[in-house]
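Reading the structure
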Amino acid sequence: MTKLKDLLVALVVLALGRKRPPRPERDDRIVEAGPPSRGAENWVLVLFFLATLAGAAFIVVYALDRLGSQTQWLGLCIGLAFMLLAVACMVITHKLVVTEELVHEYPDTEHADEQSKIEQIVEESGSRFTRKRIVTLAGLGALGTLGLAALTPAASLGPVLDTEELYKTPWRRGKRLVDEEGKPLAAHDVEEESFYTAYPEGADRELMGSPVVVVRLASREIVAYSKICTHAGCAIALYRKPTFAPTQPKPALVCPCHYSTFDPADHGKVLFGPAGRALPQLPLLVDGDGNLRAAGNFSGPVGPSWSGVRQGGARS
Amino acid sequence: MIRALVRYVDQRSGGAPFVRKALRYVFPDHWSFLLGEAALYCFMLLVATGVYLTFFFDDSRSTTVYHGSYKPLDGQSMSRAYESVVHLSWDVKAGLLMRQTHHWAANVFVAMIVLHLLRVFFTGAFRKPRDLTYLLGIGMLGLALIEGYAGYSLADDLLSGMGLAIGYSVAISIPVIGAYLAQLIWDGPYPGSAAFWPRLYIAHVLIFPILIALLLTLHLVLVASRHHTQFKQSDKETERNVVGVPTFPGQTPRSLGLMLSVFGMLFLLGGLVQINPIWLWGPYHVGDGTNGAQPDWYLGWLIGALRLVPSFDVTIGHYTLVPNPFWGGALFPLVVFATLALWPWAERKLSGDRAFHNLLERPRDNPLRTAIGLAIVVWVFLVFMSGSADRVTVLFGLDYTQQIWAYRAIVVVVPFVVFFATRRVCRELLAGELVEAWREEAEAAPVD
């Protein structure tokens, strides 16, 4: 008990007790003088103490296992620790540090003398050269070529001047359409006012040429289109909804990124939105088991248009 | 103690004269001068939290099956990149705090840069001799946008995948070189080869941060060597005299306080306010998309622009020359950035003012600049707003296509209205001040 009392007394003395007498004031102060403010000092002490608590609380919260909302508590502790220190800084700014108003001159706008000296040094340094222009040109030529040579390995980053890959898709005549689980898509399972995603059987699904959307039109006809928007490469994920009811004003395939809207009843024609090219259509046939198969490749290149893309068929 | 330390450092560095000068360097005082500083502190916290995140992130798109503590994703096939971020968020102590704080800091970083830019623009702080400083700032804004985009793309969740698809589409839409350029970056058609992910990663954690740090250093060196601008608040502030508080002691606790409160606010946001819960979006696959996808706020102007442009490509015969995403995704930001970057020189041409300026102007003091600047701000803001038309449809039931048609008209007309209105208001304010000055002069004059 006495130890605790000693500690408390020590703390009180530390907080409120008078410090050593300050050094005698100099006559030629640089920083302006100001009156002390013990109240503000006490506030700073309290804030530092609370910040210490918050910092310690962060460590405690971190150490606890299976604590609910741990992220929130951690953020609260460390955030508060910083904020308390920030408030202490503000008290120091406004109450404990003099606000001096200094008037300085802006630096010189320019140094004309030095400028001409630099010019002179550069000019005089080259005085032994007699054919400056040709030497400069030759030097620049060498440096430029070296720079070009240094950039050349960048061509290894990817295919060079070759867009052939962009036309390719894994679809070809007879390829079966399978759903996300890999099960063949049967024609009679495709219902109106709904929307199915299918992939080419056995192919890489992470190619832009793979995913297709399948819908049944009001005419009972089933059509399939590339699922990748011709505008900016997002997956067509909407069948009018939520910007319209699925069949209002008429069924349409919509990309959720920029709302390019395509008409499934009219070869993927653009109805609205920024896309500049129709959605490529995949011709379909129904095999003997009633499953959907591709009857060929897409009606146009799949995915976003690139500068130089040729309209017309995709390649297998 | 102090004497011994100062002597030790001076004897080894010879830095005493420089430090003495730096301690008494003058900072003019105005709240708006702190915006750039706040951006600097965001950058510092971004580096600190970002370094922590790199200890857990896996820059690979090879697939793995998830078996972590977030049960709804259990057994799902996903990339190692996405898995590592979900793991960091759910199974690493303080991982989610660091990740969310990093994300918040990125959002606030760009916001502070933009506010700082607006302050500098509308007060004419970019005029000679600070045009180069301004240009470095514009460069940093551009880098920060790309850096932020690269950052949230790395998580490889559904939203970031859709964002990358759009970025790729904008890249290949660049006339003539687009397809070649994009295939070099992605190493083939989207989503690219296995090499693409490490490239994106190293760009985000090394190349762009170093570029930003480099421009930042140059920016600060130029600011310090030309000293700060100031508002004319009394007779003491002139083009030749700078008035303010010294670095030490006056400015130091202010700046420290600002830094600590930026850190504190960002950690509070990171801990208490959820941002980008990638486990809800799920892993990305090329054939997947979701409705309601929105980028981080600072790319909102680009999604708006991409949505506003009407359906047309520039074609020659059967070939497309300029695909649609080029207009909104590349040309629009290019025009905005070029206008901002060239403005100091354009203004010099328009006004014929080639003098050095240390005193700031109030927006009204330069009606032409304020009018053009506000027109551009409103233009970009309206395009930004149009990017949320789909949310308005879902929330309030307003027809989407009608909204877009309305925006197409508004973004063309309203900036002009803003230009003329602003110029008029500035001129009226100035005229009003003149009248007021005359009145005071007349009242002060002795009555005979």
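For clarity, every value in this text was computed on a predicted model and none was experimentally measured. (Residues numbered from 1 in each chain as written. Chains lettered and ligands numbered in written order. Predicted model: local features only at pLDDT ≥ 70, side-chain atom pairs only at ≥ 80, totals over all residues. Heavy atoms only, no water.)

**Remarks on empty space enclosed by the protein**
Residues and elements named next belong to chain B. Going through the model one piece at a time under the given rule, you end up with five cavities of 30 Å³ or more. Approximately 80 Å³ is the volume attributed to the largest cavity. Every residue lining the largest cavity is listed: Phe126, Arg127, Lys128, Pro344, Glu347, Arg348, Ser351, Asp353, Ala355 and His357. For the lining of the largest cavity, a count of residues per class yields three nonpolar, two polar and five charged. (1 Å grid on protein atoms, 1.4 Å probe; cavity = no way out; pocket = protein on both sides within 12 Å on 5 of 7 lines; lining within 4 Å. Points joined across faces, edges and corners; volume = space filled by probe spheres on them. Nonpolar A, V, L, I, M, F, W, Y, C, P; charged D, E, K, R; others polar.)

**Re the interface of chain B and chain A**
On the side of chain A, 85 residues touch chain B, which itself brings 97 residues to the contact. For the pairing of chain B and chain A, the buried interface totals around 7400 Å² over both sides, and the portion due to carbon and sulfur atoms is 64%. When the area that chain B buries against chain A is broken down by residue, the three leading residues are Arg24, Lys93 and Val286 of chain B, summing to 9%. At the boundary of chain B with chain A, the tally comes to three salt bridges. With a closest N to O distance of 2.6 Å, Arg24 of chain B and Glu100 of chain A form a salt bridge. The element contributing the most residues to the side of chain B that touches chain A is helix H10 (residues 247-272) of chain B, with 16 residues. Residue classes in the side of chain B that touches chain A are distributed as 46 nonpolar, 33 polar and 18 charged. (Contact = heavy atoms within 4.5 Å. Buried area = accessible area lost by both parts, 1.4 Å probe. Salt bridge = Lys/Arg side-chain N within 4 Å of Asp/Glu carboxyl O. Helix = DSSP H or I, 4+ residues; strand = E, 2+ residues; numbered from the N terminus.)

**Brief notes about the pattern of salt bridges**
Considering all chains together, one arrives at 22 salt bridges over all chains under this definition. The residue Arg176 of chain A makes a salt bridge to Glu201 of chain A at a minimum N-O spacing of 3.0 Å. Here Arg176 of chain A, found in the loop between helix H6 (164-167) and strand S2 (177-178), pairs with Glu201 of chain A, found in the loop between strand S3 (196-200) and strand S4 (212-216); they are 25 residues apart in sequence, far enough to count as distant. A residue is classified by how much of its surface remains accessible, and Glu201 of chain A, at 31% relative accessible area, is partly exposed. With its nearest N and O atoms 3.3 Å apart, the salt bridge here joins Arg61 of chain B to Asp156 of chain B. Of the two residues, Arg61 of chain B sits in the loop between helix H3 (35-54) and strand S2 (63-65) while Asp156 of chain B sits in the loop between helix H6 (131-154) and helix H7 (158-172), which places them 95 residues apart along the sequence. Linked through salt bridges whose partners overlap, the residues forming this network are Arg127, Glu347, Glu361 and Arg369 of chain B. (Buried < 20%, exposed > 50% of the residue type's maximum accessible area, 1.4 Å probe, protein only.)

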